[in-house]
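This is what each chain is made of:
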Amino acid sequence: MTTITPGAAQVELAIGGMTCASCAARIEKKLNRMDGVEATVNYATEKARVTFDADVSVADLIATVEATGYTAREPAPARDRGPSGAGEEPEEADELRPLRQRLTTAVALAVPVIAMAMVPALQIDYWQWLSLTLAAPVVTYAAWPFHRAAWTNARHGAATMDTLISVGTTAAFLWSLWALFFGTAGTPGMTHAFEFTIARSDGAGNIYLEAAAGVTAFILAGRYFEARSKRKAGAALKALLELGAKEVTVLRGGQEVTVPTADLQAGMRFLVRPGEKIATDGTVVEGSSAVDASMLTGESVPVEVSVGDSVTGATLNAGGRLVVEATRVGADTQLARMAKMVEDAQNGKAAAQRLADKISAVFVPVVIGLALATLGFWLGTGSGLAASFTAAVAVLIIACPCALGLATPTALMVGTGRGAQLGILIKGPEILETTRKVDTIVLDKTGTVTTGRMTLLAVHTAEGVAENDVLRLAGALEHSSEHPIAQAVATGAAARVGTLPTPEDFANIPGLGVQGVVDGHAVLVGRQKLLAEWAMALPPHLEHAKAAAENAGRTAIAVAWDGEARAVLEVADAVKDTSAEAIRRLRALGLTPILLTGDNKAVAESVAAEVGIDEVIAEVMPQDKVDVVKRLQSQGRSVAMVGDGVNDAAALAQADLGLAMGTGTDAAIEAGDLTLVRGDLRAAADAIRLARKTLGTIRSNLFWAFAYNVAALPLAAAGLLNPMIAGAAMAFSSVFVVGNSLRLRGFRAAAN
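Owing to the predicted nature of the structure, the values given are computational and were not obtained by experimental measurement.

Engineer: Looking at this structure, I do not really get the overall build of the protein. What am I missing?
Structural biologist: Looking only at helices and strands, the protein features 25 helices and 26 strands. Within the protein, the fraction of its 752 residues that count as buried is 53%. By element, 56% of the accessible surface of the protein is carried by carbon and sulfur atoms, the whole surface being about 31400 Å².

Engineer: Help me understand the pattern of salt bridges in this model?
Structural biologist: Working definition: two side chains of opposite charge can pair if their charged atoms are close together. Applying the stated criterion across every chain yields a total of 19 salt bridges. Here R328 ties to D281 by a salt bridge, and the two come within 3.1 Å at their closest N and O atoms. Placement of R328 in strand β13 (residues 322-328) and of D281 in strand β8 (residues 281-286) is noted, with a sequence separation of 47 residues between them. Owing to a relative accessible area of 34%, R328 belongs among the partly exposed residues under this scheme. In this structure, K546 engages E550 in a salt bridge whose closest nitrogen and oxygen atoms are separated by 3.1 Å. Separated by 4 residues within a single helix, K546 and E550 lie in helix α18 (residues 540-551), roughly one turn from each other. What makes E550 partly exposed here is its relative accessible area of 37%. Connected via shared salt-bridge partners are E12, K47 and R49.

Engineer: Teacher, can you tell me more about the packing of helix α3 (residues 97-118) against helix α4 (residues 127-142) here?
Structural biologist: For the pair α3 and α4, the least separation of the axes is 9 Å and the interaxial angle reads 155°. Between α3 and α4, the crossing angle belongs to the class labelled roughly antiparallel. The hand of the α3/α4 crossing is left-handed. Residues Q101, R102, T105, A106, L109, A110, P112, V113, M116 and A117 of α3 form the contact with α4, whose participating residues are W127, L130, S131, L134, A135, P137, V138, Y141 and A142. Residues of the contact of α3 with α4, tallied by class, amount to 15 nonpolar, 3 polar and 1 charged.

Engineer: I tried to follow the nonpolar core on my own but got confused; where do I start?
Structural biologist: Burial of nonpolar side chains together is a common tendency in soluble globular proteins. Counting 54 residues, the largest nonpolar core has I207, L209 and L220 as its most contacted members. The leading source of residues in this core is helix α7 (residues 209-230), at 9 residues. Residues contacting L209, with those up to four places away along its chain left out, are V113, Q128, S131, L132, A135, F173 and S176. Judged by nonpolar contacts, the second largest core, of 45 residues, contains I583, I613, L659 and L681.

Engineer: For this particular structure, what's the right way to read helix α16 (residues 484-497)?
Structural biologist: Quick reminder: α-helices carry 3.6 residues per turn. Residues three or four places apart thus point the same way. Over its 14 residues, α16 extends 20 Å from the first C-alpha to the last, a length consistent with the 20 Å expected when each residue adds 1.5 Å. Residues of α16 that are buried: I485, A486, A488, V489, A490, G492 and A493. In this structure, the buried side of α16 is in contact with β16 (450-461), α15 (467-478), β20 (555-561) and β21 (564-575). Phi turns positive one or two residues past the end of α16, at G498, with a value near 90°.

Engineer: Even after reading the chapter, I still don't get a nonpolar patch on the surface, so can you show me in this structure?
Structural biologist: Judged by side-chain polarity, W178, F181 and F182 come together as a nonpolar surface patch covering roughly 360 Å² of accessible area. Among the secondary structure elements, F181 is positioned in helix α6 (residues 161-181).

Engineer: Would you mind going over the sheet that holds strand β10 (residues 303-305) with me for this structure?
Structural biologist: Sheet strands pair by backbone hydrogen bonding; their relative direction is either parallel or antiparallel. Spatial strand order, β10-β9-β12: 3 strands in an open sheet with antiparallel pairing. Sheet topology places β10 and β12 (316-317) at the edges, where each strand pairs with a single neighbour. Here 2 bridges tie strand β9 (residues 289-292) to β12, and the two strands are oriented antiparallel to one another. Residue pairing across strands places D292 opposite L316, the latter belonging to β12.

Engineer: Whenever I open this one, the sheet that holds β16 confuses me. Can you help?
Structural biologist: Pairing within the open sheet is antiparallel, and its 6 strands lie in the order β16-β21-β20-β19-β18-β17. Pairing within the sheet leaves two strands with one partner each, and these edge strands are β16 and β17 (505-509). Strand-to-strand twist across the sheet, computed as the mean angle between neighbouring axes with direction ignored, equals 20°. Bridge count for β17 against strand β18 (residues 513-518) is 5 bridges, and the pairing is antiparallel. Each bridged residue has a counterpart across the sheet, and for N508 the counterpart in β18 is V514.

Engineer: Is there a simple way to think about the UniProt feature "transmembrane region" (unreviewed entry) in the protein in this case?
Structural biologist: As recorded in UniProt, the sites labelled "transmembrane region" (unreviewed entry) are residues 103-120, 126-144, 164-187, 207-225, 359-379, 385-408, 702-718 and 724-742. Secondary structure across residues 103-120 divides into 89% helix and 0% strand, with the first and last C-alpha atoms of the span separated by 27 Å. Overall, residues 126-144 shows 89% helix and 0% strand. The separation of its end C-alpha atoms is 27 Å.

Engineer: Sorry, what's going on with the packing of α4 against helix α5 (residues 144-155) here?
Structural biologist: Between two packed helices, the angle of one axis relative to the other and the distance separating the axes together describe the packing. Where α4 contacts α5, the two axes come as close as 5 Å, and the packing angle between them is 45°. Accordingly, the angle class assigned to the pair α4 and α5 is oblique. Of α5, the residues touching α4 (which contributes V139, T140, Y141 and A142) are W144, P145 and H147.

Engineer: How do you make sense of the environment of E304 when you look at a structure like this?
Structural biologist: On the secondary structure map, E304 appears in strand β10. For E304, a relative accessible area of 33% puts it in the partly exposed group. In sequence terms E304 and A290 are 14 residues apart; their C-alpha atoms lie 4.4 Å from each other. Discounting chain neighbours no more than four positions away, the residues touching E304 are S289, A290, D309, H483, G511 and R527.

Parameters and conventions
- Residues numbered from 1 in each chain as written.
- Predicted model: local features only at pLDDT ≥ 70, side-chain atom pairs only at ≥ 80, totals over all residues.
- Heavy atoms only, no water.
- Helix = DSSP H or I, 4+ residues; strand = E, 2+ residues; numbered from the N terminus.
- Buried < 20%, exposed > 50% of the residue type's maximum accessible area, 1.4 Å probe, protein only.
- Areas by Shrake-Rupley, 256 points an atom, 1.4 Å probe, with all protein chains shown as cover.
- Salt bridge = Lys/Arg side-chain N within 4 Å of Asp/Glu carboxyl O.
- Axes fitted to C-alpha atoms, helices over the stretch in contact; angles between N-to-C directions.
- Parallel < 35°, antiparallel > 145°, perpendicular 65-115°, else oblique.
- Left-handed = near helix turned anticlockwise from the far one by under 90°.
- Contact = heavy atoms within 4.5 Å.
- Nonpolar A, V, L, I, M, F, W, Y, C, P; charged D, E, K, R; others polar.
- Core = buried A, V, L, I, M, F, W, Y, C linked by side-chain atoms within 4.5 Å.
- Expected span 1.5 Å × (residues − 1).
- Patch = residues over 30% accessible without salt bridge, like charges linked within 9 Å, V, L, I, M, F, W, Y side chains within 5 Å.
- Pairing = 2+ DSSP bridges.
- UniProt positions renumbered as here; feature names shortened; annotations may be inferred.

What follows is the structure, given as structure tokens:
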């Protein structure tokens, strides 16, 4: 193993040209052979993370990758990076367009070729020449990525499924050309009697254009759907960066100047109006407000800030006007560090090497060797070139992985389609392998187990005070405030008593509450301290109700009017009605639930007790969430994580299986492996069941895809299986695989 000296540099290279996981393994092997270099290459994200000594340059690393047959690109210079410190790439062209064009061409031309070969009624005079005209663009233009990859692999002494596809389709096409121009297949009126015979044949009258065109179309379809899933590999980082403010109002010489956030420097002072995002991490130097930091910290209750308090970039100013002095900018901000954590966690995941790629490392060279041995054996026994070559081509065609290419995409397409109908989005085949092994599920609280919105939960009134009077007066006053807790009270009051009156007078008391006149009553709504300043005390039973609410982690709001304390309101992030049932279903799948939150311990334990979770980890920062997941993984657990906020994105990426609530942020959704569109935690159990069932279908597909072909290989090598039957066996295995995948359409969600 290469020894890396302390203080070694690290770089991340963008790798191009990889077509399968074995490509990533080959690049990684080449880089690690360099002195003073340690590298990991991730096929899913198409990146190489390389640690290297001082005597190695980035140019050396790129040269090694290029010498291996792939492309590598340096990261953008620091000056070209955005305010978060992460690289901002120019808008890329639609990278799927060439693949989509090749797929469209292949399907449009291959369908009539296959139809003419399989249906004798369509075999008109010169049909074989029409087939050649249609198949030629498929085997050359549409299949070019396979030929190019096969050539690259051959130059470096390697073989992958691309090699087998290229060799098989080329052999079938070239043999068909020979049969048409030098054999008897080009004779006008020639027909293919589509029949199963096990007998020796010289093949001079047979063409296999349908096999060449059909294999190309099927494999391209599989590659296209795989590429479409892979395309979103970096979307989590982009979603994180989008959270930050794009412009900021800077104070210069007493003047307000709007500048791009990228121009901010530490020490600058900037203005944050109500409803605006805070541009970067800093310290409040003027004003007070409530800051909604739930997207970053998971704290459900807005944080009151005033002069001297720290604030975080990308959080929302929900209250008054603030002047903030920037303390950290660019790559040093908490948002940028979170983006870095997501990136690290994604790159830290081993590239999920599909079973087909693992088998191909042995299967492909064996098949090519068997085909050559078959050709040599029959030539040596004096069977003639035509008969010998026919047997060799039959070996290649029976082994050509049509069904293998369909095994994963068809099951994934049916499984994901059914999942979408049930509100479950599965991103790709890579994440399915972990679903069977998952034994622990970590649940974020805010927005996952709870609604993520402050809600009026209870009203406690003094003796002789009507609840509707409390709601009407308190709700009317709170309706005039922008504070999230005030809005929760106003919304709850309006829902219960209808239209709220308009205050005749209103004033906000920073950090304490609001006061005003409603229907001729002088009303106070806020902290108990606000009432104390007016020499009003809560009656004993309201004092008890307030203490009980706070012990349960809820926010208690005192209400008074006309000189007397009249009520206590309880506001909290309400638990979803379906959460307790969801926990029971997750336990039934063999999973141990853990509640993980940035909220305070009292709130977390109250929620956990309500839904039936025994283990609670509370008051954690985003980086701590990642550490908790890592700690559980180090204990040998396979961890699933369910979350919805930006603060969950890195943990979702680090977890073996990330489930993102579709009602949450884009960053969380993109970092997760599964997305629960409905925002219903019960869908997490259905998602794991569906993922496990889809994985089982993929595995059975892969087995049968090989079983049909491998079973026929001895017959082909013996010269008893002509390429037409080989093509039929290949087609039958494909039909079986598709039919097996379609069974996933019958998947049902558990009864609600």
